[in-house]
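What follows is each chain in one-letter form.
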Amino acid sequence: MNRYLKLVNLEVSRVAKVLFGGLAALFIIQMIGVWITSNQYMSRANEAIMNGESVQSIVDNYSYMSMLSFSDKIYFIGPIALCVGAVFFYIFLIWYRDWSGKNTFIYRLLMLPTARLSVYFAKATAIMIIIFTMVAAQMVFILIESSFMELLTPAEYLKEATISQMASYNIYLYYIIPGTFTEFILYYGGGFIVLTVLFAAILMERSFRWKGLFLGLIYIVFAVFLTLSPIGVLIMLDKADYFYPSEVVYMTIASSMVTGALSVWISHYLLNKKVTV
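Here's what I pulled together on the structure shown here.

Cut-offs applied
Residues numbered from 1 in each chain as written. Predicted model: local features only at pLDDT ≥ 70, side-chain atom pairs only at ≥ 80, totals over all residues. Heavy atoms only, no water. Helix = DSSP H or I, 4+ residues; strand = E, 2+ residues; numbered from the N terminus. Rg over C-alpha atoms; globule rule 2.2 N^0.38 Å. Buried < 20%, exposed > 50% of the residue type's maximum accessible area, 1.4 Å probe, protein only. Contact = heavy atoms within 4.5 Å. Salt bridge = Lys/Arg side-chain N within 4 Å of Asp/Glu carboxyl O. Phe/Tyr/Trp six-rings, centres within 6.5 Å; stacked < 30°, edge-to-face > 60°. Lys NZ or Arg CZ within 6 Å of the ring centre and 35° of its normal. Expected span 1.5 Å × (residues − 1). Arc of directions from axis to C-beta. Axes fitted to C-alpha atoms, helices over the stretch in contact; angles between N-to-C directions. Parallel < 35°, antiparallel > 145°, perpendicular 65-115°, else oblique. Nonpolar A, V, L, I, M, F, W, Y, C, P; charged D, E, K, R; others polar. Left-handed = near helix turned anticlockwise from the far one by under 90°.

1. Points about the overall build of the chain
Turning to step 1, where the next piece is worked out: Within the chain one finds 12 helices and zero strands.
Turning to step 2, where the next piece is worked out: Each helix and strand of the chain, placed in order from N terminus to C terminus, yields the pattern α-α-α-α-α-α-α-α-α-α-α-α.
Turning to step 3, where the next piece is worked out: Taken over C-alpha atoms, the radius of gyration comes to 24 Å for the chain, far larger than the 19 Å a tight globule of 277 residues would show.
Turning to step 4, where the next piece is worked out: For the C-alpha atoms alone, the extent of the chain along its principal axes is close to 80 × 55 × 35 Å.
Turning to step 5, where the next piece is worked out: For the chain, the proportion of its 277 residues judged to be buried stands at 39%.
Turning to step 6, where the next piece is worked out: Within the chain, counting contacts between residues at least 6 apart in sequence, those at least 24 apart form 79% of the total.

2. Some details on the pattern of salt bridges
Turning to step 1, where the next piece is worked out: Per the stated rule, a full pass over the model turns up six salt bridges.
Turning to step 2, where the next piece is worked out: Residue Glu-11 pairs with Arg-97 through a salt bridge whose shortest N-O separation is 3.2 Å. Placement of Glu-11 in helix 1 (residues 2-50) and of Arg-97 in the loop between helix 4 (74-96) and helix 5 (105-110) is noted, with a sequence separation of 86 residues between them. In this pair, the class of Glu-11 matches that of Arg-97, namely buried.
Turning to step 3, where the next piece is worked out: Overlapping salt bridges, with partners in common, bring together Glu-11, Arg-14, Arg-97, Asp-98 and Lys-123 in one network.

3. Quick look at the packing of aromatic side chains
Turning to step 1, where the next piece is worked out: Following the criterion strictly, the structure yields 15 aromatic pairs and no others.
Turning to step 2, where the next piece is worked out: When the ring of Phe-132 is compared with that of Tyr-188, the centres are 5.3 Å apart and the planes differ by 45°; the resulting orientation is tilted. Residue Phe-132 is found in helix 6 (residues 116-152), and its partner Tyr-188 is found in helix 9 (residues 181-208); the two are separated by 56 residues along the sequence.
Turning to step 3, where the next piece is worked out: Ring centres 5.9 Å apart and planes at 15° place the aromatic pair Trp-265 and Tyr-269 in the stacked group. Of this pair, Trp-265 and Tyr-269 both sit in helix 12 (residues 245-273), four residues apart, roughly one helical turn.
Turning to step 4, where the next piece is worked out: Among the residues examined, Trp-265 registers a relative accessible area of 53% and is labelled exposed.
Turning to step 5, where the next piece is worked out: Counting every residue linked through ring pairs, the aromatic cluster contains Trp-95, Tyr-120, Phe-121 and Phe-199.
Turning to step 6, where the next piece is worked out: If you follow Lys-123 out to its NZ or CZ, it ends over the ring of Trp-95, 5.1 Å from the centre.
Turning to step 7, where the next piece is worked out: One cation-aromatic arrangement involves Arg-206 over Trp-99; the distance from NZ or CZ to the ring centre is 5.2 Å.

4. Let's talk about helix 10 (residues 210-227)
Turning to step 1, where the next piece is worked out: Taking 1.5 Å per residue as the helical rise, helix 10 with its 18 residues ought to reach 26 Å, and the 26 Å between its terminal C-alpha atoms agrees with that figure.
Turning to step 2, where the next piece is worked out: Taken together, the buried positions of helix 10 are Gly-212, Gly-216, Tyr-219, Ala-223 and Thr-227. Seen end-on, helix 10 carries its buried residues on one side only, within an arc spanning 60°. Within helix 10, the exposed residues directed more than 90 degrees away from the buried face are Trp-210, Lys-211, Phe-214, Ile-218 and Phe-225.
Turning to step 3, where the next piece is worked out: Taken together, the buried residues of helix 10 touch helix 9, helix 11 (229-236) and helix 12.

5. Describing the packing of helix 10 against helix 12
Working note: a packed helix pair is described by the angle between its axes plus the distance between those axes.
Turning to step 1, where the next piece is worked out: Packing of helix 10 against helix 12 leaves a shortest axis separation of 8 Å and a crossing angle of 150°. The orientation of helix 10 with respect to helix 12, classified from their angle, is roughly antiparallel. Along the contact surface, helix 10 presents Tyr-219, Phe-222, Ala-223, Leu-226 and Thr-227, while helix 12 presents Thr-252, Ser-255, Ser-256, Val-258, Thr-259, Leu-262, Ser-263 and Ile-266.
Turning to step 2, where the next piece is worked out: When grouped by side-chain class, the residues that make up the contact of helix 10 with helix 12 number seven nonpolar, six polar and no charged.

6. With respect to the environment of Ile-131
Turning to step 1, where the next piece is worked out: Inspection of the secondary structure assignment puts Ile-131 in helix 6.
Turning to step 2, where the next piece is worked out: With 83 residues separating them in the primary sequence, Ile-131 and Phe-214 have C-alpha atoms 28 Å apart.
Turning to step 3, where the next piece is worked out: When sequence neighbours within four positions are dropped, the list of residues in contact with Ile-131 reads Val-87 and Tyr-188.

7. Topic: the packing of helix 6 against helix 9
Turning to step 1, where the next piece is worked out: Orientation of helix 6 relative to helix 9, taken along the N-to-C sense of each, is 140°, at an axis distance of 11 Å. In terms of axis orientation, helix 6 runs oblique to helix 9. When you trace helix 6 past helix 9, the crossing you get is right-handed. Here Tyr-120, Lys-123, Ala-124, Ile-127, Met-128, Ile-131, Phe-132 and Val-135 of helix 6 lie close against helix 9, whose contacting residues are Phe-184, Tyr-188, Phe-192, Leu-195, Thr-196, Phe-199 and Leu-203.
Turning to step 2, where the next piece is worked out: Classifying every residue of the contact of helix 6 with helix 9 gives 13 nonpolar, one polar and one charged.

Here it is in structure tokens:
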């Protein structure tokens, strides 16, 4: 366990500067977005006031200024989408960078006096820590941005919105900040299973090179079919309405867990028997 924690710390420390730099960029862009959005709204409001409209008329015509409306703006969604893309890219980079250079780092990792699966889980844990750090930071950023919006917008034009209201309003944000603990487990548990599938595909490529690349792509497709197999079987047997929707969800969760377990086993086998440095 001690060596596993040291490996996790190593993986996180290798990306910490980039992570915090990305979070700083996300925060700055969103704060600038709040400033631009609030100023645009107030410019329209002030112009309407000069034309003799009342505050209530302006609110009726333009709605209230709030974090709900801001959550649809590219200033808010764009940086989040870039962070999601960066995490997806890092899933591959966390393995491939260890093979780069003359003195490949993967050689030292795999020669450590610990189970090679510890290296695997340390990398997976590092990815999840990065994701949760981003989510937690975004929640804090929303609170700061909401306070900043209150400073820029007069109270009569402003409508407060909580993080849960924003998540319910914006479907993309909802998947990042689920409304219930059950949904949190489902979404992030599913994300971890996707991570294990991608890790297995990467290790296939590292083990067999070009053949492994095609093998990895085939495995990804197989993993999707295996995960969705309960739904597919029910449709083929014309029994789609035979089970309650909750029962179909439970069957899909079970098949997803099988997919994750299979992916971890394949990765364990490849690390111990096939991966070369």
